Amino acid sequence: MSTIEYAQRLLNAGELEEAELEGILQGRVTEQALRSRGKKVDVDTHPARTAMLMATKAVKGLGEETRYYADFVELFVASLERFLHLSCILSTVPVSQEELAERHHVWGVAQHITGDVSMVDGILAKEPVFLALASKYAGFEITEMNDDAIDALQEFINVVNGLYIVDLANHKMEPDLEYPRAAENIIPHGSQQLALRVYTEVGSFLLVLSTDAFL
């Protein structure tokens, strides 16, 4: 088990504060140090999925979407590691609409999955984190908001969704993908919306899921 996975399990169990996550993600805290606290947590081979499901308990109106969201979140976490070489820890508390409305200078990319399933997923991040994520995916440093930055994260979202609709197709569904979109200063107001805070070593951002367009 990795330090990140164990930290996610501790957070899920309420044995870790979100303020501690930066040090863990930047490698300043080892798994051994976490285990030395003597806190016992349940075995969980899908701790990111568990965190997301915990967050949904505070969101009214989520039904069948929960399963689709959970499957996507697991794929998204794996894709961050695979394509951006970033580990992450998910908050177990959803971001409220009031907090979303207070965020400024935020850039977002999102994409709509249509067909048998209607789902929109997107990333919202302040400029420094957006640029760091874009640089990770592009493979070179992007220092200012330009077409390279936007294209990189749009392509990342498109790749993740491409993998996701293959999984849906394997379950006898017929999904389609619209083109990714990008915009600045987004305050998402989607139906059955879930906003999750994702912590990484380059900073935190929001992963937003809904059943209709919010960007």
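Caption draft 1: Structural view of the pairing of strand 6 (residues 194-200). Across the 7 residues of strand 6, 7 count as buried, placing the element largely inside the fold. Burial of the side chains of strand 6 extends over both faces: Leu 194, Leu 196, Val 198 and Thr 200 are buried on one face and Ala 195, Arg 197 and Tyr 199 on the other. Sheet topology places strand 1 (residues 88-90) next to strand 6; 3 bridges connect them, and they run antiparallel. Paired with Cys 88 across the two strands is Thr 200, which belongs to strand 6. Bridge analysis of strand 6 against strand 7 (residues 203-210) gives 7 bridges, and the strand direction is antiparallel.

Caption draft 2: Inspection of the packing of helix 7 (residues 127-138) against helix 8 (residues 147-170) at higher detail. Put simply, helix 7 and helix 8 touch, their axes get as near as 8 Å, and they point 70° apart. It follows from the interaxial angle that helix 7 and helix 8 lie roughly perpendicular. As for how helix 7 packs across helix 8, the hand of that crossing is left-handed. Taking contact as the criterion, the partners of Phe 130, Leu 131, Leu 133, Ala 134, Tyr 137 and Ala 138 in helix 7 are, on helix 8, Ala 149, Ile 150, Ala 152, Leu 153, Glu 155, Phe 156 and Val 159. The class makeup of the residues in the contact of helix 7 with helix 8 is 12 nonpolar, no polar and 1 charged.

Caption draft 3: The arrangement of the packing of aromatic side chains in detail. Applying the stated criterion to the full structure yields 6 aromatic pairs. Aromatic side chains Tyr 137 and Phe 156 sit 5.7 Å apart centroid to centroid with 55° between the ring planes, which places their arrangement in the tilted category. Of this pair, Tyr 137 sits in helix 7 while Phe 156 sits in helix 8, and the two are 19 residues apart along the sequence. For the pair shown, Tyr 137 and Phe 156 are each scored as buried. An aromatic cluster is built from Phe 72, Phe 76, Tyr 137, Phe 156, Tyr 164 and Phe 205, whose rings are joined through pairwise contacts. Directly above the ring of Tyr 6 sits Arg 35, whose terminal nitrogen or CZ lies 4.1 Å from the centroid. Directly above the ring of Tyr 68 sits Arg 67, whose terminal nitrogen or CZ lies 4.6 Å from the centroid.

Analysis parameters
Residues numbered from 1 in each chain as written. Predicted model: local features only at pLDDT ≥ 70, side-chain atom pairs only at ≥ 80, totals over all residues. Heavy atoms only, no water. Buried < 20%, exposed > 50% of the residue type's maximum accessible area, 1.4 Å probe, protein only. Helix = DSSP H or I, 4+ residues; strand = E, 2+ residues; numbered from the N terminus. Pairing = 2+ DSSP bridges. Axes fitted to C-alpha atoms, helices over the stretch in contact; angles between N-to-C directions. Parallel < 35°, antiparallel > 145°, perpendicular 65-115°, else oblique. Left-handed = near helix turned anticlockwise from the far one by under 90°. Contact = heavy atoms within 4.5 Å. Nonpolar A, V, L, I, M, F, W, Y, C, P; charged D, E, K, R; others polar. Phe/Tyr/Trp six-rings, centres within 6.5 Å; stacked < 30°, edge-to-face > 60°. Lys NZ or Arg CZ within 6 Å of the ring centre and 35° of its normal.

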